[in-house]
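# Coordinate analysis (summary)
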Amino acid sequence: MYTISEVSKRFNISQRTLRYYHEIGLLLPNVDPMTNYRYYNNAHLIDLQIILNFKKMGMSLDQIKIMLENIHSENTNKHLENAIDLEISVIEEEMDKLMNRKNNLLRLKNGIEINPKMMSLDIHRLLEYITHNDIDKDNTFSSDDFSLEEIEILKNLPNLDNPVDIHSDMKELLQMIRRGMEKSNDLLEQQIYAKYIQVVPPLFNGDRHLEKKYFDILEESLLKEPKVIPFNQTFFNYMNQILLKFDDWRS
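Parameters and conventions
- Residues numbered from 1 in each chain as written.
- Predicted model: local features only at pLDDT ≥ 70, side-chain atom pairs only at ≥ 80, totals over all residues.
- Heavy atoms only, no water.
- Pairing = 2+ DSSP bridges.
- Helix = DSSP H or I, 4+ residues; strand = E, 2+ residues; numbered from the N terminus.
- Contact = heavy atoms within 4.5 Å.
- Axes fitted to C-alpha atoms, helices over the stretch in contact; angles between N-to-C directions.
- Core = buried A, V, L, I, M, F, W, Y, C linked by side-chain atoms within 4.5 Å.
- Buried < 20%, exposed > 50% of the residue type's maximum accessible area, 1.4 Å probe, protein only.
- Phe/Tyr/Trp six-rings, centres within 6.5 Å; stacked < 30°, edge-to-face > 60°.
- Lys NZ or Arg CZ within 6 Å of the ring centre and 35° of its normal.

## A closer look at the sheet that holds strand β3 (residues 38-40)
Strand order in the open sheet formed by 3 strands is β1-β3-β2, and the pairing between neighbours is antiparallel. Two strands close off the open sheet at either side, each with one partner strand: β1 (2-3) and β2 (30-31). Sheet topology note: the β2/β3 ladder contains 2 bridges and is antiparallel. Looking at the pairing, Asn 30 lines up with Tyr 39 of β3. In the packing of helix α3 (residues 42-56) onto the sheet, contacts are made with β1, β2 and β3, and the angle to β3 comes to roughly 85°.

## Observations regarding the nonpolar core
Core analysis: the biggest nonpolar cluster contains 31 residues, and Leu 154, Ile 192, Phe 204, Tyr 214, Phe 215 and Met 239 have the highest contact counts within it. Looking at this core, the elements that each hand over two or more residues are α7 (148-154), α8 (168-182), α9 (186-199), α10 (208-221) and α11 (233-246). When residues in this core are grouped by element, the largest group, 6 residues, is from α11. Once residues lying within four places of it in the same chain are set aside, the contact partners of Leu 154 are Phe 141, Phe 146, Phe 204, Leu 210 and Tyr 214. Formed by 20 residues, the second largest nonpolar core is a distinct cluster that contains Ile 4, Leu 52, Ile 64 and Leu 68.

## Points about the packing of aromatic side chains
The description of two aromatic rings rests on the distance between their centres and on the angle between their planes. With the rule as written, the count across this model stands at 5 aromatic pairs. When the centroid spacing of 5.2 Å and the interplanar angle of 75° are considered together, the rings of Tyr 214 and Phe 215 count as edge-to-face. The exposure class assigned to Phe 215 is buried, which follows from its relative accessible area of 19%. With 5.9 Å between their ring centres and 85° between their planes, Phe 235 and Phe 236 make a pair best called edge-to-face. Judged by its relative accessible area of 6%, Phe 235 falls in the buried class. Chaining the aromatic ring pairs together yields one cluster made of Phe 204, Tyr 214 and Phe 215. Arg 10 extends its terminal NZ or CZ atom over the ring of Tyr 2, reaching a point 5.5 Å from the ring centre.

## A short note on unusual backbone geometry
Positive phi, close to 55°, is recorded for Asn 12, a residue that is not glycine. By secondary structure assignment, the location of Asn 12 is in the loop between α1 (4-11) and α2 (15-23). Residue Asn 12 is classed as exposed on the basis of its relative accessible area, which comes to 74%. A positive phi is found at Asn 36, a non-glycine position, where the angle reads about 65°. You can see Asn 36 is positioned in the loop between β2 and β3.

Printed below as a string of structure tokens:
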């Protein structure tokens with residue numbers, strides 16, 4: 001048998017903590033009714049080691065208590081396996097929440113990088129858009145607008161709401177367009193056009209008519225569902241101005 005002082009020193013844990021574990025029913029030592037002293041046997045020490053290991057894994061005391069109860073049950077392996085499966089499902093749910101939170105923060109960061117001069121109202125609108133539009137939603141393209149071959153090409157377009165899909169060249173193009181929307185000049189417009197030709201046509205396999213049709217339909221959709229990342233009517237007006245200026249085939 002071991003006293004609370006001996007257990008405290010052996011496991012480098014305070015006596016106050018051991019008493020708390022006793023109070024909440026997590027670790028129940030033998031108690032001398034005459035002296036009210038707590039005594040721990042080898043089984044208690046094993047349980048305490050299990051508790052400390054579960055704590056290192058980040059589990060709460062309530063979760064550890066459930067685990068210990070299952071370890072001490074008659075059908076130990078089955079009950080413990082079920083408890084572990086339940087805990088894994090909780091962890092996976094928390095991981096999904098954290099990943100969603102991370103992605104939304106990255107979307108906000110990307111939006112700010114694309115438009116560094118955002119005012120508080122712009123950031124509010126951006127947050128509203130982010131929180132009401134799922135990053136993983138599939139893009140659907142109507143067969144009334146596109147052929148099956150065109151739809152296959154469009155399925156591979158990057159999702160500009162997804163930070164992973166916005167590569168450095170795309171981000172640079174969007175930043176240049178934002179600068180031009182604020183204060184344009186001939187040199188910047190030439191640079192935007194050159195970057196656009198580098199980045200955008202390859203996304204449509206060089207099919208310029210598909211490219212134009214896609215953006216025309218996207219622009220029309222603004223009337224039904226306004227976008228903040230990165231498209232709005234001002235964005236389209238400015239880009240159309242540049243493309244009409246430098247692309248003879250669009251005239």
